[in-house]
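Residues per chain, in single letters:
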Amino acid sequence: MEQEFKEYFDSYLKLFPDLNSEELNFLRSYLTIKKYTKKEFLFKSGEVQKEVGFVCKGLLRRYYINEKGNKITTGFIDKNQYATDYPAFIRQKPSKYFIECLEPSIIMKLPYDKIQEGYGKFKTSEMYGRLIAEYVLTIQTDRVESFLFKNAEQRYLDFIAQNKDIINRISLSHLASHLGIERQSLSRIRNKIAKK
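Everything in this summary refers to the structure shown in the same document. (Residues numbered from 1 in each chain as written. Predicted model: local features only at pLDDT ≥ 70, side-chain atom pairs only at ≥ 80, totals over all residues. Heavy atoms only, no water.)

Pairing within the open sheet is antiparallel, and its four strands lie in the order E1-E8-E3-E6. Of all the strands in the sheet, the pair left with one neighbour each is strand E1 (32–36) and strand E6 (82–83). The pairing of strand E3 (residues 51–57) with strand E8 (residues 105–111) spans six bridges and is classified as antiparallel. Paired with valine 55 across the strands is isoleucine 107, a residue of E8. The sheet strands contacting helix H4 (residues 112–121) are E3 and E8, and the helix crosses E8 at an angle near 50 degrees. (Pairing = 2+ DSSP bridges. Helix = DSSP H or I, 4+ residues; strand = E, 2+ residues; numbered from the N terminus. Contact = heavy atoms within 4.5 Å. Axes fitted to C-alpha atoms, helices over the stretch in contact; angles between N-to-C directions.)

Attention shifts here to the pairing of strand E4 (residues 60–65). Consecutive residues of a regular strand have side chains that alternate between opposite faces of the sheet. By the bridge criterion, six bridges tie E4 to strand E5 (residues 71–77) in an arrangement that is antiparallel. Along E5, the bridge assignment pairs isoleucine 65 with lysine 71. What sits between the antiparallel neighbours E4 and E5 is a turn of five residues, in which glycine 69 has the positive phi angle 85 degrees. Sheet topology note: the E4/strand E7 (residues 98–101) ladder contains four bridges and is antiparallel. Within E7, the residue paired with leucine 60 across the bridge is cysteine 101.

All right, on to the nonpolar core then. Tyr12, Phe16, Leu27, Leu31, Ile33 and Met108 are the most contacted members of the largest nonpolar core, which has 25 residues in total. Within the residue set of this core, elements represented by two or more residues are helix H1 (6–13), helix H2 (21–30), E3, helix H3 (86–91), E8, H4 and helix H5 (123–149). Once residues within four sequence positions are removed from consideration, isoleucine 33 is found in contact with Phe5, Tyr8, Phe9, Cys56, Ile106, Ile107 and Met108. Residues Leu59, Phe76, Leu102 and Phe159 belong to the second largest nonpolar core, which totals 14 residues. (Core = buried A, V, L, I, M, F, W, Y, C linked by side-chain atoms within 4.5 Å. Buried < 20%, exposed > 50% of the residue type's maximum accessible area, 1.4 Å probe, protein only.)

This brings us to the packing of aromatic side chains. Inspection of the entire model under this criterion finds 13 aromatic pairs. On the basis of an interplanar angle of 65 degrees and a centroid distance of 5.1 Å, the ring pair of phenylalanine 26 and tyrosine 30 is categorised as edge-to-face. Note that phenylalanine 26 and tyrosine 30 are positioned in helix H2 at a spacing of four residues, about one turn of the helix. A residue is classified by how much of its surface remains accessible, and phenylalanine 26, at 13% relative accessible area, is buried. In this arrangement the basic side chain of arginine 61 is found over the ring face of tyrosine 63, its NZ or CZ atom lying 4.1 Å from the centre. Residue placement shows arginine 62 over the ring face of tyrosine 97; its charged tip is 6.0 Å from the ring centre. (Phe/Tyr/Trp six-rings, centres within 6.5 Å; stacked < 30°, edge-to-face > 60°. Lys NZ or Arg CZ within 6 Å of the ring centre and 35° of its normal.)

In structure tokens, the structure reads:
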């Protein structure tokens, strides 16, 4: 374990206060950490994600390329969040998404096979796996429901309220794509709100 990354390992392990020393040692022994540059990919569409990523530092975006060749942003992943296409990850199937670093980033990774081994050995690991799955599912469900039940202005206002720490770190083009609107529409919404 490199000394410069020690704080990241320690912070991550504190997220699991119910693990005993044997469970913590198991987890610690399989964690790896890697620095990524801006525009580098954690994984690309068509690849099988072999490790779940946890963002220690940086900002990433998840997107896919539609039938017209446009990059459609489906989410942003800030520090202390999991960087994964979870449904594809748990099935070990090729992802349909790209996860790209928008900033230089530091990602903690844990291999799929060791997660499964931990589930088999330790009951508490299963509980944390379920909690992580519920968290990821909630984020995905909230996004789908925002398109079903809210208009573009409401989605924009919600995004600002829930993402104050990243709003100035993402491009308007990425934000517009995430909100499901054209950039010009986002500009109109922002102007309308500014006049209120």
